[in-house]
Amino acid sequence: MSTLTNDPVVEQLRAAFPQVPFRPVDPGIPGLVVPLESLVDVCRYLKTTPGLEFDYLASVTAIDYLDRIDVVYQIRSLKHHRDLTLRIEVDRDESVAPSVTGVWRAADFQEREIYDLMGVTFTGHPNLKRILLYDEFDGHPLRKDWRLPAEPRSVTS
Amino acid sequence: MDVIRLGHKVKEGSIPGDGAPDDEAILHSGLVNLSTLDHALNWARKSALWPLSFGLACCAIEMMAVGTARYDISRFGAEVFRPSARQADLMIVAGTVTRKMAPAIRRIYDQMPDPKYVIAMGGCASEGGPYVNAYNVVQGVDQIIPVDVYVPGCPPRPDALLNGLLALQKKIEARKAATSLNEHKK
């Protein structure tokens, strides 16, 4: 945990947003769990502040923990050679999260993929529709409680 | 003058003519060969299969290798990969068929002129392969288009695809010209 608390970017973020209740992400990884409503502001700050300039969104992904869905952002500063992980915790039933396409255009396809496979709706996304599956697909197959409607072929019987 | 030898024995007297000695001479000159219509058509069809340039996954890499000098699909007359379905008569389904790709494959198949043939290359195209009961993978391309030859493997080696091509050629040889080649598929 010491490396985490000492991370200069994390410390700077905490100082810049004193009212936001950040929580640390997993030990050893520089990053923060960000409250949903602060995400876009934090991202814009990280991208535009001189000295930080996280200009590259490496990946957006999501994890189903059954009681919640986490959306994880891996961002990178190509100028300062620095990585940072942001995480938001999304209510599983509502499944609504703010879109960061306004900050990084690269989020467009990745958020569509999460919407397609995990069923998280990103508010503010310019074109939120399925990207990998066909439009008529029923449900979001990477959710852990999703089941095939009918097994087209069985290997056991 | 080029002579097409179709391998059928010429029977004397089987050709109608005026019986002049010239006819007899022509028959035995080696310039004329007689065959059945079936044999001639099938020979032409099997010897110039034009595959569609069309790959879906890693099997396509092996399909490309088949066109190279080392394996040389042109030995069997099938080297003219066509970018347009209108000019192709062989569809090699090389790779995983996803549900999203399925309508496109069906449309391309429908665009190909008759007689047309399909080789399902690899486990995925044959029956889904490793993607058993996967939510977005068609469990075999034969669920959307008729398949003539299945080539197993993951991916099949180029030799295996050539073997599949030879199997298809054998199949074409057995056709009757009078019947539609795709009659059984309808």
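Predicted, not measured: the structure shown is a model, and the values here were computed from it. (Residues numbered from 1 in each chain as written. Chains lettered and ligands numbered in written order. Predicted model: local features only at pLDDT ≥ 70, side-chain atom pairs only at ≥ 80, totals over all residues. Heavy atoms only, no water.)

> Describe the packing of helix α2 (residues 37-47) of chain B against helix α6 (residues 158-173) of chain B, and please don't skip the residues or the numbers.
All names here are of chain B. At a minimum axis separation of 8 Å, α2 and α6 run at an interaxial angle of 160°. Between α2 and α6, the angle falls in the class roughly antiparallel. Of the two possible hands of crossing, α2 and α6 adopt the one that is right-handed. Within the contact between the two elements, α2 uses N42, R45 and K46 and α6 uses Q169, I172 and E173. Residues of the contact of α2 with α6, tallied by class, amount to one nonpolar, two polar and three charged. (Axes fitted to C-alpha atoms, helices over the stretch in contact; angles between N-to-C directions. Helix = DSSP H or I, 4+ residues; strand = E, 2+ residues; numbered from the N terminus. Parallel < 35°, antiparallel > 145°, perpendicular 65-115°, else oblique. Left-handed = near helix turned anticlockwise from the far one by under 90°. Contact = heavy atoms within 4.5 Å. Nonpolar A, V, L, I, M, F, W, Y, C, P; charged D, E, K, R; others polar.)

> I'd like to hear about the sheet that holds strand β3 (residues 56-64) of chain A, residue by residue, with values.
All names here are of chain A. The strand order across the open sheet built from five strands is β1-β2-β5-β4-β3, with neighbouring strands paired in mixed fashion. In this open sheet, the two edge strands, each paired with only one partner strand, are β1 (23-24) and β3. This element, helix α3 (residues 39-48), spans β4 (68-77) and β5 (82-91) of the sheet and lies at about 170° to β5. Together, β3 and β4 form the strand contacts of helix α4 (residues 107-118), whose direction differs from that of β3 by roughly 10°. (Pairing = 2+ DSSP bridges.)

> Tell me about the sheet that holds strand β2 (residues 117-121) of chain B, residues and numbers included.
All names here are of chain B. Reading across from one edge, β1-β2-β3 is the order of the three strands in this open sheet, with parallel pairing throughout. With partners counted over all chains shown, the strands left at the sheet margins are β1 (90-94) and β3 (149-151), one partner each. Across this sheet, the average inter-strand angle for adjacent strands is 20°, counted without regard to direction. Along the sheet face, α6 touches β1, β2 and β3 and points at about 150° away from the line of β2.

So far we have only geometry, and geometry alone does not tell us how the molecule works.
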